[in-house]
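# A look at the structure
Spelled out, the chains give:
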Amino acid sequence: MEKVIIYGRVSEMGPNFSEKISYESQVNEIKKYCERKNYEIVESFKDLNYSGGNDKRPDFQLMFSYLRKHHKEISAVVVYNLSRFSRNLMNLKIYLEELDKLDIDFLSVMEPFCELKGSARGFMINILGAVAELQREQNIEVVRSAMMLKSSLGKHLGGKIPFGYEKDLTTGKYKIVEEDAQIVRYVFNRYLEGGSATQIAKEISSAQAVKGLQFNEGTILNMLSNEKYTGMYIFGKTRNKKDGSGKVKLDREKWKQNPNNHDAIIEQELFESVQQERFSRRRVKKADNSNLKGTKLLTGLVKCSFCNSHYYVSSSTKPNGTQYYYYMCSNKECIQKKIRKVQLENTVLAAIENVIDLETLIKFYQVEYQLVIDRIKIILEQEYHLKRKINDLKKEKDIYLDVIKEERKSEEIILTPDYKERVKGINARISNLQQQVAENNIKFKIKQLPKFEDIVEQFDEQDCSLSFLKTFTLDTVRRIIRHYVEDIIIIDAKGANETMIRVDFKNGVASKEFTIKRGERNLPEELSFSSQDDDFESLILITNVLNDMKDLEIAN
């Protein structure tokens, strides 16, 4: 009797979920099919409420791990129909090809043609796979259209309602819960007074102001960044990737925004002040760059030659407090040893240094440059509004001062005490806003920033070096590595105190092998890279200097 494994999947995606065949029904039909064919079911795998648009399904991946280890014992994988296996045509072909390499048949209860061989089977699978993919895209579009319509009306889409609001059952919009809204206002004002997110959370918790809710640093930070408290309803921040592998963030100008959609708990002015305060604090905190040490630089690329599992980053701390980082196999039963992170990462970067080209490097640099330029544009826009607000406050203060002068002349003091307090408050606000402008330290207009073309003119082939690569941000270095590297294979030498590293490159570049000795002393420090904050402040400094030189007629 031939041994088979079975796989089932159910997704809540789409408008007709109630009409879909349940997992239990799928299994019943598969069992009947196996009885007719005289197959023995030895294992079953299921993914409940997972989309078939990609392969990010836990049991689906577990099934293939099982097959790679037991492929000699298994004759076939049986599913109810093709769409349960995958709705993505590319993924369908990839995994069917892997089954062919493992000499395992793929059988479908509802599609007998899967039992065909050769081109006839491939032709039918292509057609059915394309139909399944089209249905998935149609389902996504139906759901998205319904959500966009509901969002455009400013109605709550589901999920967690911001603290301080509840859903108005009549309009579907947010309605203020005054008792909770007072706490929201306290959080914003307290933060602007200098309280940290952790401190504010402790104050609320110790006062037992909110029963049944746990406030922590994350809760406070999420609250401080939520524009819904200003009455703004924002939707369409992301869109689904075409391959179904997740979502991608959209630029702010592509978001859909409904201002004054619901009653505001926080005034727009207070919200903007808090955002500026958060930005200022991050600039101070960034002085500690310890978090930029090449953490997880190679995650997802490092594989074990023994069991084909991926490696992940772990750490250990010595009695003297020194911390060491390692890449180790995610399979706890694997016999291969862990490897020092600093050794592996330096080896891989050295390998890339020999294949990297200037044109590609410039493309990655342009992405970093544009991010910094966009950030400076935002700061300049904020500065413009800050200066306008300062002028408005000065005009308001002048009105109060004029009234005070008139009352002094008439010796009829009525409004003066109150107006003096208001002037005092306005002066404090002006001082705060002026401090924010001063902290930006931008002494130029956006058109005076160095152009990208002028900067890259200074590059040459010698810049394709490891030292120059370290001037990029960690995220960019990750992307550069993934642009060139397909896999990094770890191969422990039996009985020897060393490990072989094989770097497999993309685009036809030959693989390279390196040997790392274990237990070596005097290893280099953990890799560290530039940060966007460094690039941001450097570009501001350079532009300020160039601007000053032009004013002094030193530079053109």
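These numbers were taken from a predicted model, which means no experiment stands behind them.

### Some points on the overall build of the protein
Each helix and strand in the protein was counted, giving 16 helices and 17 strands. The burial tally for the protein puts 41% of its 556 residues in the buried class. Across the protein, contacts joining residues at least 24 apart in sequence account for 67% of those joining residues at least 6 apart. Total accessible area on the protein is roughly 32400 Å²; 50% of this is exposed by carbon and sulfur atoms.

### Let's talk about unusual backbone geometry
The residue N260 is not glycine, and still its phi comes out positive at about 55 degrees. Along the chain, N260 turns up in the loop between β10 (256–258) and α9 (268–285). Of note in this structure, N308 is not a glycine but carries a positive phi near 70 degrees. Position of N308 among the secondary structure elements: in the loop between β11 (302–304) and β12 (311–317). Note on N308: relative accessible area 46%, which makes it partly exposed.

### Details of the pattern of salt bridges
Applying the stated criterion across every chain, the model contains 12 salt bridges. Between K32 and E29 there is a salt bridge, with its nearest N and O atoms 3.8 Å apart. Of this pair, K32 and E29 both sit in helix α1 (residues 23–37), three residues apart, which is roughly one turn of the helix. Between K341 and E526 there is a salt bridge; the shortest N-O distance is 2.7 Å. Of this pair, K341 sits in helix α10 (residues 341–353) while E526 sits in the loop between β17 (512–517) and α16 (532–551), and the two are 185 residues apart along the sequence. Owing to a relative accessible area of 2%, K341 belongs among the buried residues under this scheme. Because the salt bridges share partners, they merge into one network encompassing E269, K389 and R429.

### Observations regarding the pairing of β12
The side chains of a regular strand alternate, residue by residue, between the two faces of the sheet. In this structure, β12 lies alongside strand β13 (residues 323–329), joined through seven bridges in antiparallel fashion. Paired with S316 across the two strands is Y324, which belongs to β13. Between β12 and the antiparallel strand that follows it, β13, lie five residues; G321 among them carries a positive phi value of about 95 degrees.

### So, the confidence of the model for the protein
In the predicted model, the protein carries a mean pLDDT of 78, and the fraction of residues at 70 or more is 78%. Here residues 13–19 is modelled with pLDDT under 50, and outside its nearest four sequence neighbours on either side it reaches 11 contacts, counting other chains as well.

### Some words on the sheet that holds β17
Sheets are built from strands paired through backbone hydrogen bonds, the pairs being either parallel or antiparallel. Ordered in space as β11-β15-β16-β17, the four strands form an open sheet in which the pairing is mixed. With partners counted over all chains shown, the strands left at the sheet margins are β11 and β17, one partner each. Across the sheet, the mean angle separating the axes of adjacent strands is 25 degrees when strand polarity is ignored. The pairing of strand β15 (residues 485–492) with strand β16 (residues 498–505) spans seven bridges and is antiparallel. Bridge assignment links V485 to a residue of β16, and that residue is F505. Running over the sheet, α10 touches β11, β15, β16 and β17 and is turned about 150 degrees from β17. Here helix α15 (residues 474–484) sits on the sheet in contact with β15 and β16, set at roughly 85 degrees to β15.

### Quick notes on the sheet that holds strand β1 (residues 2–10)
The strand order β2-β1-β3-β4 describes an open sheet built from four strands, whose pairing is parallel. The sheet terminates laterally at β2 (39–48) and β4 (105–108), the two strands that pair on one side only. Sheet twist, expressed as the average angle between the axes of neighbouring strands with direction ignored, equals 25 degrees. Pairing between strand β3 (residues 76–79) and β4: four bridges, direction parallel. From the neighbouring strand, V77 faces β4, where its bridge partner is F106.

### Topic: the nonpolar core
In terms of nonpolar packing, the biggest core is built from 57 residues, with L297, L344, I376 and I488 touching the most fellow members. The leading source of residues in this core is helix α11 (residues 358–410), at 10 residues. Beyond its immediate stretch of four places on either side in the chain, L297 contacts Y327, E345, L349, L474, V477, R478, I481, R482, L527 and F529. Among the nonpolar cores identified, the runner-up in size contains 25 residues, and F163, Y174, Y191 and Y233 belong to it.

### Let's talk about the layout of surface pockets
Space inside the second largest pocket adds up to approximately 650 Å³. Lining the second largest pocket are 18 residues; nearest its centre among them are S65, R68, N308, S309 and H310. If you tally residues by element for the lining of the second largest pocket, the top one is helix α4 (residues 89–101), at six residues. Counted by class, the lining of the second largest pocket contains three nonpolar, eight polar and seven charged residues.

### Looking at the pairing of β3
Burial of the side chains of β3 extends over both faces: A76 and V78 are buried on one face and V77 and V79 on the other. Sheet topology note: the β1/β3 ladder contains four bridges and is parallel. Considered in β3, the bridge of I6 is made with V78.

### Examining α1
Because each turn of an α-helix spans 3.6 residues, side chains separated by three or four positions end up pointing in the same direction. The terminal C-alpha atoms of α1, which comprises 15 residues, lie 21 Å apart, in line with the 21 Å expected from a rise of 1.5 Å per residue. Inspection of α1 places Y23, Q26, V27, I30, Y33 and C34 among the buried residues, and these make up the whole buried set. Down the axis of α1, the smallest arc covering the buried residues is 125 degrees, so these residues share one side. Set apart from the buried face of α1 by more than 90 degrees, the exposed residues are E24, E35 and R36. Here the buried face of α1 lies against β1, β2, β3, α3 (82–85) and β4. In the stretch just after α1, N38 is the one whose phi turns positive, near 65 degrees.

### Notes on the environment of T322
Turning to its location among the elements, T322 is positioned in the loop between β12 and β13. We classify T322 as partly exposed; its relative accessible area is 32%.

Rules and cut-offs
- Residues numbered from 1 in each chain as written.
- Predicted model: local features only at pLDDT ≥ 70, side-chain atom pairs only at ≥ 80, totals over all residues.
- Heavy atoms only, no water.
- Helix = DSSP H or I, 4+ residues; strand = E, 2+ residues; numbered from the N terminus.
- Buried < 20%, exposed > 50% of the residue type's maximum accessible area, 1.4 Å probe, protein only.
- Contact = heavy atoms within 4.5 Å.
- Areas by Shrake-Rupley, 256 points an atom, 1.4 Å probe, with all protein chains shown as cover.
- Salt bridge = Lys/Arg side-chain N within 4 Å of Asp/Glu carboxyl O.
- Pairing = 2+ DSSP bridges.
- pLDDT = per-residue confidence, 0-100.
- Axes fitted to C-alpha atoms, helices over the stretch in contact; angles between N-to-C directions.
- Core = buried A, V, L, I, M, F, W, Y, C linked by side-chain atoms within 4.5 Å.
- 1 Å grid on protein atoms, 1.4 Å probe; cavity = no way out; pocket = protein on both sides within 12 Å on 5 of 7 lines; lining within 4 Å.
- Points joined across faces, edges and corners; volume = space filled by probe spheres on them.
- Nonpolar A, V, L, I, M, F, W, Y, C, P; charged D, E, K, R; others polar.
- Expected span 1.5 Å × (residues − 1).
- Arc of directions from axis to C-beta.

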